[in-house]
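A structural walkthrough
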Amino acid sequence: MKRIQKFSMLTVLASVAAFALQPAAPVQAEEGPTVKKVKERGEVLCGVHQGRYGFATADSEGRYKGLDVDYCRAVAAAVLGDSEKVKYIPVSSVTRFPALQSGEIDMLSRTTTVTLTRDSSLGLNFGPPTFYTGTGFMVRKAAGVEKVEDMGGATVCVVPGSTTEKNIAALFRSKNMQYTPVVIENQKEMVGAYFSGRCDVMAMDQAGLPGHRQFDAKTPDDHIILEGVFSKEPLAIGVRQGDDQWYDIIKWVTYATFNAEEMGVSKENVDEMKNANNPDIKRMLGTSGDLGKKLGLDNDWAYRVVKQVGNYKEIYDNNFGANSPLKLERGLNNLWINGGLMYGFPMK
Amino acid sequence: MTDTTAPIAAPPRAEGQADTDQPRSRQQPPPTEKIAVLRWMKENLFASPGNTLLTIILGAALIYWVPAFIKWGFIDAIWYTPDPEVCRQSDGACWAVVAEKHRPMLFGLYPYEEHWRLVVALAVYLGSFTITLIRRFWHWQILVPLWTVAIAVISTMLWGGVFGLTFVETSQWGGLPLTMVLFSGTVVLGFPIAILLALGRRSHLPLIKATSVTIIESLRGVPLITILFVAVNVFPLALPDGLEFDKLVRVMVGMAIFFACYQAEVIRGGLQAIPRGQYEAAESLGLSYWQMTTRIILPQALRIALPGIMNHIIAALKNTSFVLIIGLFDILTATTAVMQDPLWRRWFVEAYLFVAAVYFFFCYVLSKYSQQVERWLSEGRRF
Amino acid sequence: MTVAHEANIDIKKGSSSLLHNLAFRGVAYQVLLAAAIVLLAYLLYQNVNANLEKQRIATGFDFLNETSGFDIGETLIEYDSEDSYGRALLVGIMNTLSVAACGIVLATILGTIMGIARVSRNWLASILASGYVEICRNVPVVLHVIFWASVIRNLPSPKQALSPMEGVFLANRGFIFPVPEPNPAYTWVWVALAAGLVLAFGFNYWAQKHREKTGKYIATLWPCMGIVIGLPLAAWLVQGAPLVWSVPELKGFNFRGGASLTPEFIALLIGITFYTGAFIAEIVRAGIQSVPVGQIEASRALGIRRGFIMRYITFPQALRVIVPPTTSQYLSLTKNSSLGVLIGYPDLVNVGNTTLNQTGQAVEAIAVMMAVYLGISLTISLGMNIYNRIVAIKER
């Protein structure tokens, strides 16, 4: 009897232990930079939005799509050689920074605005902006609002911990108007609250609004998006401070997408371009030089980024532009040579 | 708990009646049916003017509401349709929302083609659970192999990665199976901690006592949410670099410790109820502290504390729903996510009623069961 | 396993061993525990610090004085986006306290009614009450709160608001109702109310002493109610009965005038009240049933009126059983009010969460939340312990 008791205790303990240990990541004895962890794990842990059209949405089978998602894939393609080796971790506006700080994610690609505070006291580093937008507002057509000044006294739905939350506080204050914020952490709940009529106005990055109008409204035509943007929101990938190599990779993967567009390298022609006559293209795609080695990667990293994910134009068009249901103009997100702000630094 | 439907004035039950299932009518003179009904009504509905008034008011409300509810919930209800338009045309409940969305609600983000694995896991879990509840099977020789096999099957089904099953990470687990994993994990991990804390609080050693009291009182003083925040946001920062724990495990440990602090107080109540003589007798037999505790004191204390223990186990089941806040996809989180679908959003009442019914079923069965166990354990005992 | 191990040692070794010396073992255990705690605390502290430093995350509580930059939907004290995080958290604390206080009052009333109904001789009342208790306590409080939030958000918009009474509206913007316009005369009404309460308590106390001394019963219920209601009424009438209603009207986006309860407040309040009310009902029922039937039968045999039996025999004894578990229900209600974060009610956790995100200082923000809740819990415990001492059996 005693032996059985002991045995049973052992099995219970063993199963508990098995349960606790199985999902835990491999224990590392020594300190290793993020790349090492990512390679050991075989996947990039990428924090993405819970659901914003164009940036990150999951379909019913859990496949993610969007501009932010494409940057997770680009980094995985560069580091691991396969753009599918990403584990997407949806984070809310509130949980995103703790998730990065605590190591739950390796990179934060989630419509995150670069600000001084976040860069300094939150301990983040930001790559080059992958998208420029600003705070926008959606209102019901029936409310008769045409400009910001008509919104006095409105109830505004917004997610907490966002720059948008602070922007509307400053905007309404500067216009001397009252408003009531309704702050709901869960993005979908917040959008639902606006469409069910809890709020008069929904405030978020303007580029996110058309998608919500198109897919979440019962009748999209009942809602309008106010003209103009009301703040500067350069959205970029965030990483933890204290790992410069990882930060460099994020930075140059982003530049590679810009440069590829500028040099006319796309998914289709990247194989031919590898042997093009242009030394800049050859160096970027790794036919010559050793840029990859300098980053601690192999020489094909940028080739894989373009081959598997595409250049910036392709990424944009698939998620916001001509090939997407949203059909948004490039605007600020055009290359600098076309009047936009996208400016890839030289890859030399 | 007493049988609330029985009138207070009913004669006290004979000893052992609950077990022999004697019909109650044997103790009362058998009056004719009609008079019995009338007398029952007079005693229980119209005993005094105030009582009569109350009966009339409540009765009127029932007559007004119950048919309306039945009409909404059953007669006019749409039971199945893939087309939300059909529901929109109807005045009744749209149970079709449950029919249409039951898979994401019950199984969350788990890969769609693999849902059958969750059905197997749930069936094995509920089966083993039911067997465990039956008194006849209360033997180590039965329960230990049963649960060893059950845990093996359930883990294989949930994780996969062997026998050609695709591997599914814990972050993709969801719905009812996740609720079940969280609940069992909380109770299994938490109970030993609870016993240690309760013993610690009763200890004569001041430092051990102080530590237990501090842990119990400070954790009981804060909401579960903040403990989950610590488990999710702060705990990883406190680990040395490179050491990581799965979020699900962290959350489970947090919930287990929270559960243990409440359970410890219940067990302490049981410990306090043990007469001094029991300790003295055990000591005079030369038993050591642990022998005395495990063989003499704890079995009795746990029996005395059983109602409270069961209450907190039921609370642990309900508390699993708190993971909604930190984004684990239990059945409630999955349902709120499903309810964001603009086509089906307006029938949230039906969807939430369904989830409520699931929780209600398990909690109610557990609470009724705990009353039954109390009766079993009190057989032939004086306290 | 430790258990078996210990037992073996005890059996094998003689009692002369130092290991078997109880006092020595007690000290040894405690030294070990102390060492383990110190070591653990040191390790955790060290790790947190190292991790924060490596990532260059700000530490310390300086952020409490920094400008928050965000607005809060409902505030009981003055606050705007120019105020500090510290003040924002204070707003959160006030909101937590207000919803918890309302919840405690409502849950007590609901629970008491349902508890009495469950033991009522009226079969219909008893069965309905037990239906309420079983349903509400077997469904998680999270679901209660979410359900009511969804219900209220799906009420009609302000333009089609339900209006059960003139000037009272129920819409997806909350519950809006008329209130009297502020008037200086009301200060005196409040003073009169306070005076009335003091007088009523005094009278009650005197009546009790008088009864204990002489055995003569003085009815206190009606005189007390008269004092409490009459004094403020008189104060109001004396000042010329000023009364102008501020009636809510739909203007622009929302209602102007009157007072309103936000949907989030109502949903949270209903959710935690229904849930906790079910538990309190059970406690009240158990309390009433704990009074031996013999006492009531004896009282009846003495010819004491029903109301008297309830008030002077059943209730004081039931209270002794009721108070301690009700305390823990009040505590759990207060802690459950933190579910406001789920539905957007700006309670402490909600504001704390935003602060956590804006400043990135998770450790400090969570520490502030925990400390405040601990403080609230200890205060409620203390208050209820004092009350419990008053109603407990006085051994003579």
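Quick caveat: nothing in here was measured; it's all calculated off a predicted structure.

**Points about the overall build of chain B**
Counting its secondary structure elements, chain B contains 16 helices and zero strands. The dimensions of chain B, computed from C-alpha atoms along their principal axes, are 70 × 60 × 40 Å. By sequence separation, contacts in chain B at least 24 residues apart represent 66% of the contacts at least 6 residues apart. Just so you have it, chain B exposes about 18900 Å², and 67% of that area is on carbon and sulfur atoms. Taking the 30 positively charged and 26 negatively charged side chains of chain B as two groups, their mean positions are separated by 9 Å.

**Considering the pairing of strand β11 (residues 201–205) of chain A**
All names here are of chain A. The buried count for β11 comes to five of five residues, which makes it a mostly enclosed element. Inspection of the sheet shows strand β8 (residues 135–140) paired to β11 by five bridges, in the antiparallel sense. In the sheet register, M138 faces β11, and the bridge partner there is M202. Pairing of strand β9 (residues 154–158) with β11 involves two bridges; the strand directions are parallel. From the neighbouring strand, C157 faces β11, where its bridge partner is M202.

**Describing the confidence of the model for chain A**
The predicted coordinates should not be examined in detail at positions where pLDDT is low. Chain-level pLDDT for chain A is 85 on average; 90% of the residues reach the 70-or-more range. Confidence drops under pLDDT 50 across residues 1–32 of chain A; counting only partners more than four residues distant or on other chains, this segment forms 44 contacts.

**A short note on unusual backbone geometry**
All names here are of chain A. Phi is positive for T111, close to 35 degrees, though the residue is something other than glycine. Here T111 shows up in the loop between β5 (107–108) and α5 (116–120). Owing to a relative accessible area of 6%, T111 belongs among the buried residues under this scheme. A positive phi is found at N176, a non-glycine position, where the angle reads about 60 degrees. With respect to the helices and strands, the residue N176 is situated in the loop between α6 (163–174) and β10 (179–183).

**A short note on helix α11 (residues 247–272) of chain B**
Residues and elements named next belong to chain B. Between the first and last C-alpha of α11 there are 37 Å, a value that for 26 residues agrees with the 38 Å anticipated at 1.5 Å per step. With respect to burial, α11 is a largely interior element, 20 of its 26 residues being buried. With a side-chain oxygen lying 2.8 Å from the backbone nitrogen of L248, the N-terminal cap of α11 falls on D246.

**Notes on the domain arrangement of chain B**
Entries for chain B in the domain assignment read domain 1 (24–75) and domain 2 (96–110 + 168–378). Between the C-alpha centres of domain 1 of chain B and domain 2 of chain B the distance comes to 40 Å.

**With respect to the state of the cysteines**
Residue and element names in this part refer to chain A. Under the counting rule described, the total for this entry stands at three disulfides over all chains. Between the sulfur atoms of C157 and its disulfide partner C199 the distance amounts to 1.9 Å. Negative torsions about the S-S bond denote left-handed disulfides, and the value of about 65 degrees found for C157 with C199 makes this one right-handed. With C157 in strand β9 and C199 in the loop between α7 (187–195) and β11, this residue pair connects regions lying 42 residues apart in the sequence. In this pair, the class of C157 matches that of C199, namely buried.

**A few points about the side chain of K318(B)**
Its location among the elements puts K318(B) in helix α14 (residues 306–319). E134(C) is the oppositely charged side chain nearest to the buried, salt-bridge-free K318(B), at an N-O distance of 9.3 Å.

**Some remarks on the domain arrangement of chain A**
Residue and element names in this part refer to chain A. Split by domain assignment, chain A resolves into domain 1 (34–132 + 235–338) and domain 2 (135–231). The interface is formed by 21 residues belonging to domain 1 together with 19 residues belonging to domain 2. Buried area between domain 1 and domain 2, summed over both chains or domains, comes out near 1600 Å², and the portion from carbon and sulfur atoms is 56%. The three residues of domain 1 that bury the most area against domain 2 are Q50, R52 and Y53, which together make up 37% of that side's buried surface.

**Considerations on the packing of helix α9 (residues 293–301) of chain C against helix α10 (residues 306–336) of chain C**
Residue and element names in this part refer to chain C. Look at α9 against α10: their axes get within 10 Å of each other, and the N-to-C directions meet at 150 degrees. Regarding the angle of α9 to α10, the classification is roughly antiparallel. Where α9 crosses over α10, the two elements pack in a sense that is right-handed. Contact with α9, carried on its side by Q295, I296, S299 and R300, involves R306, I309, I313, T314 and Q317 of α10 and no other residues of that element. In terms of residue class, the contact of α9 with α10 is built from three nonpolar, four polar and two charged.

**Remarks on the pattern of salt bridges**
Scanning the model with the defined rule gives 32 salt bridges over all chains in all. With its nearest N and O atoms 3.0 Å apart, the salt bridge here joins D317(A) to K313(A). Of this pair, D317(A) and K313(A) both sit in helix α14 (residues 312–319), four residues apart, which is roughly one turn of that helix. On the accessibility criterion, D317(A) (14% relative accessible area) is buried. Accessibility expressed as a relative area gives 40% for K313(A), which makes it partly exposed. One salt bridge in this structure joins R201(B) and E265(B), with 2.8 Å as the shortest N-O distance. Separated by 64 residues along the polypeptide, R201(B) in helix α8 (residues 175–201) and E265(B) in helix α11 bring together distant segments of the chain. On the basis of relative accessible area, E265(B) is assigned to the buried category, the value being 14%. Salt bridges sharing partners connect three or more residues here, namely R118(C), E134(C), R137(C), E282(C) and R285(C).

**Quick look at the environment of Y179(A)**
Secondary-structure assignment places Y179(A) in strand β10. We classify Y179(A) as buried; its relative accessible area is 12%. Taking C-alpha positions, Y179(A) is 9.2 Å from I168(A), a pair spaced eleven residues apart along the chain. Contact partners of Y179(A), with chain neighbours within four places excluded, come to A154(A), V156(A), I168(A), A169(A), F172(A) and D71(C).

**Details of the side chain of H49(A)**
All names here are of chain A. If you trace the backbone, H49 turns up in the loop between β1 (44–48) and β2 (57–58). Only 3.1 Å separates the side chain of H49 from the backbone nitrogen of G51, close enough to count as a polar contact. A polar contact of 3.4 Å, which involves the side chain of H49, links it to the side chain of R110. Ignoring any residue separated from it by four or fewer positions in sequence, one finds H49 in contact with A56, P90, V91, S109, R110, T111 and Q187.

**Quick notes on the interface of chain A and chain C**
The partner chain C presents 40 residues to the 48 residues of chain A that form the contact. Roughly 3400 Å² of surface becomes buried between chain A and chain C when both sides are summed, with 48% attributable to carbon and sulfur atoms. Between the two partners, chain A and chain C, sit four salt bridges. A salt bridge links R173(C) to D200(A); the shortest N-O distance between them is 2.7 Å. For the interface between chain A and chain C, the tally reads 16 residue pairs in polar contact (both at pLDDT 80 or more). Within the residue set of the side of chain A that touches chain C, elements represented by two or more residues are α1 (2–21), α4 (96–101), α5, β9, α6, β10 and α7 of chain A. Taken together, the residues of the side of chain A that touches chain C break down into 20 nonpolar, 16 polar and twelve charged.

What counts, and at which threshold
- Counting restarts for each chain, with residues numbered from 1 along the sequence as it is written.
- Here chains are named by letter from A upward and ligands by number from 1 upward, in the order in which they appear as written.
- Local features in this predicted model are restricted to residues whose pLDDT is 70 or higher, and side-chain atom pairs enter the listing and the counts only when it is 80 or higher, whereas totals over whole chains, interfaces and linings include all residues.
- Note that water and hydrogens are dropped before the side-chain values are worked out from all heavy atoms of the structure.
- Helix and strand assignments come from DSSP, with helices taken as H or I runs of at least 4 residues and strands as E runs of at least 2, each series counted from the N terminus.
- Throughout, a contact is declared for two residues whenever any of their heavy atoms are within 4.5 Å.
- In short, Shrake-Rupley with a 1.4 Å probe defines the accessible areas, and a residue's cover is counted only from the protein chains shown.
- The charge count treats Lys and Arg as positive and Asp and Glu as negative. His and the chain ends do not count.
- Throughout, a charge is located at the NZ atom of Lys, the CZ atom of Arg, the CG atom of Asp or the CD atom of Glu.
- Using a 1.4 Å probe on the protein chains alone, a residue whose accessible area is under 20% of its type maximum counts as buried, one over 50% counts as exposed, and one in between counts as partly exposed.
- Strands are treated as partners if at least two bridges between them are detected by DSSP.
- For every residue, the predictor reports its confidence as pLDDT, a number between 0 and 100.
- For a helix, the expected span equals 1.5 Å multiplied by the residue count minus one.
- Polar contacts here mean pairs of N or O atoms no more than 3.5 Å apart (in protein, one a potential hydrogen donor and the other a potential acceptor; neighbouring residues in sequence count only if both atoms are side-chain atoms).
- Here the bounds of each domain stem from an automatic or database domain assignment.
- Here, the term disulfide refers to a pair of cysteine sulfur atoms separated by no more than 2.5 Å.
- We count a salt bridge whenever a side-chain nitrogen from Lys or Arg sits within 4 Å of a carboxyl oxygen from Asp or Glu.
- Two parts placed together each lose some accessible area; with a 1.4 Å probe, that loss summed over both constitutes the buried area.
- To obtain an axis, a line is fitted to C-alpha atoms, over the contacting stretch when the element is a helix, and the angle between two such axes runs from 0 to 180 degrees between their N-to-C directions.
- Comment on the angle field: the value is read as roughly parallel under 35 degrees, roughly antiparallel over 145, roughly perpendicular from 65 to 115, and oblique elsewhere.
- Crossing handedness is defined as follows: a turn of the near helix away from the far one that is anticlockwise and smaller than a right angle gives a left-handed crossing, while the clockwise case is right-handed.
- Basically, the charged four are Asp, Glu, Lys and Arg, the nonpolar ten are Ala, Val, Leu, Ile, Met, Phe, Trp, Tyr, Cys and Pro, and anything else, Gly included, counts as polar.

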